[in-house]
Every structure is written in structure tokens, then in C-alpha cells.
Amino acid sequence: MKNKITSLTFALALGTLSLGVSGLVMAQQAMTEPQVHSKLTEQGYTKVHDVKFKDGMWRAEAKSADGKHVDLRIDAKTGEVYPDEQVSRLSEKDVRASLETQGYTHVHDVDFDDGIWKAKAENQSGVDVKLKIDAGTGKVIATD
């Protein structure tokens, strides 16, 4: 009986440790505020300020290389930068089709705003979600 308890205790401890490690790995996947600032500076943005995490994405204000004020959104995982003046390569129909192929249903309120597409839909579990979509690829970059 003592061996069974010892084995069970060991298995629970190992499982807890692995959950902690996987949580740490997940936390390391999201960019930190200093990394966001560095990424923007590397891409030629100057006077980067008001860096905040909101709605599943980083947001910042900066000056572009041509000296214009821009509002930016940054994918927290990939570091992809989306300036507010970006032009979409996709139409609303393209975005709807992309979302449906990604498993979303009941897609509605599709709108292009500040350089990214936004939409509302149901995910594969039937839960209503708000989506942010890459204007070039149609890939979902954040969900609320």
C-alpha cells in the first residue's frame, strides 16, 4: 500500500511540474513590453510610446520612417506589426471565407479598422468571440 501511495505522490508531483513548465513555455511565447519596443525600433519606428496590452494585442503610438504619427497593433506572439494606415489586400468576402475555413461559423460584423479586419463569430465550441484578422493573410491574430 505504501508503494502505491509513493507512486501516486510521485505521479502527481511530476504532473504538477509538467503543468508548471508548460505554463512557463506559454508565458514565454508572448512578447514583453520591452521586446515590443525593440521590435518597433528595429523596423524604423521612432518616438515609440504608450505601449499597452489590450484586446489580446499590443498597441503603441510612434512616428513612422516618413515622420507621420501612426497607431500600431502588434501580434503578441509573432511580433507582426499592423499600422493603422495599412491597406487590406483582402475583401470582406475573402475574410469571411478565411474565417469559415478556420472553423468559425455565424460570421458577422466584419469591418476593416485601423489596419486590421475585425469580426464576430462562433468558434468551434459554439462560443461567441470577437476576432482580429491579419489584413494580408486572413489569419486570426487575436480573439476576445
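Residues numbered from 1 in each chain as written. Predicted model: local features only at pLDDT ≥ 70, side-chain atom pairs only at ≥ 80, totals over all residues. Heavy atoms only, no water.

Trainee: What is the right way to read the confidence of the model for the protein from this model?
Mentor: Regions with low pLDDT carry predicted coordinates that are not meant to be interpreted in detail. Across the protein, the average pLDDT comes to 83, with 78% of residues at or above 70. Segment residues 10-14 is flagged for pLDDT under 50; beyond a separation of four residues in sequence, or across chains, it makes zero contacts in the model. Across residues 16-27, confidence stays below pLDDT 50; counting only partners more than four residues off in sequence or on other chains, it has zero contacts. (pLDDT = per-residue confidence, 0-100. Contact = heavy atoms within 4.5 Å.)

Trainee: Can you walk me through the sheet that holds strand S2 (residues 57-63) in this structure?
Mentor: Paired through their backbone hydrogen bonds, the strands of a sheet run either parallel or antiparallel. Judged by pairing direction, the sheet is antiparallel, and its four strands sit side by side in the order S1-S2-S3-S4 without closing on themselves. With partners counted over all chains shown, the strands left at the sheet margins are strand S1 (46-54) and strand S4 (81-83), one partner each. Neighbour to neighbour, the strand axes of the sheet diverge by 25° on average, direction disregarded. Both S1 and S2 contribute to a ladder of five bridges, which runs antiparallel. When the bridges of S2 are listed, Lys-52 appears paired with Arg-59. (Pairing = 2+ DSSP bridges. Helix = DSSP H or I, 4+ residues; strand = E, 2+ residues; numbered from the N terminus. Axes fitted to C-alpha atoms, helices over the stretch in contact; angles between N-to-C directions.)

Trainee: Would you mind showing me how to read the side chain of Ser-98 here?
Mentor: For Ser-98, the position within the fold is in helix H3 (residues 92-101). Of the residues examined, Ser-98 reaches a relative accessible area of 15% and is grouped as buried. For Ser-98, the residues in contact, after removing those within four places along its chain, are Thr-137, Gly-138 and Lys-139. (Buried < 20%, exposed > 50% of the residue type's maximum accessible area, 1.4 Å probe, protein only.)

Trainee: Sorry, what's going on with H3 here?
Mentor: A turn of α-helix holds 3.6 residues, and therefore any two residues three or four places apart point the same way. The complete set of buried residues in H3 reads Val-95, Ser-98 and Leu-99. Taken end-on, H3 shows its buried residues confined to a sector of 100°, consistent with a single buried face. Facing away from the buried side of H3, by more than 90 degrees, are the exposed residues Lys-93, Glu-100 and Thr-101. For H3, the secondary structure elements touched by its buried residues are strand S5 (105-113), strand S6 (116-122), strand S7 (128-133) and strand S8 (140-143). With its phi angle positive at about 100°, Gly-103 sits one or two positions after the end of H3. (Arc of directions from axis to C-beta.)

Trainee: Sorry if this is basic, but what is going on with the side chain of Lys-132 here?
Mentor: Following the sequence through the fold, Lys-132 ends up in strand S7. A polar contact is formed between the side chain of Lys-132 and the side chain of Asp-144, at a distance of 3.4 Å. Ignoring anything within four residues of it in the chain, the contact list for Lys-132 reads Asp-55, Met-57, Arg-59, Arg-73, Ile-116, Trp-117, Lys-139, Val-140, Ile-141, Ala-142 and Asp-144. (Polar contact = N/O pair within 3.5 Å; in protein donor to acceptor, adjacent residues only side chain to side chain.)

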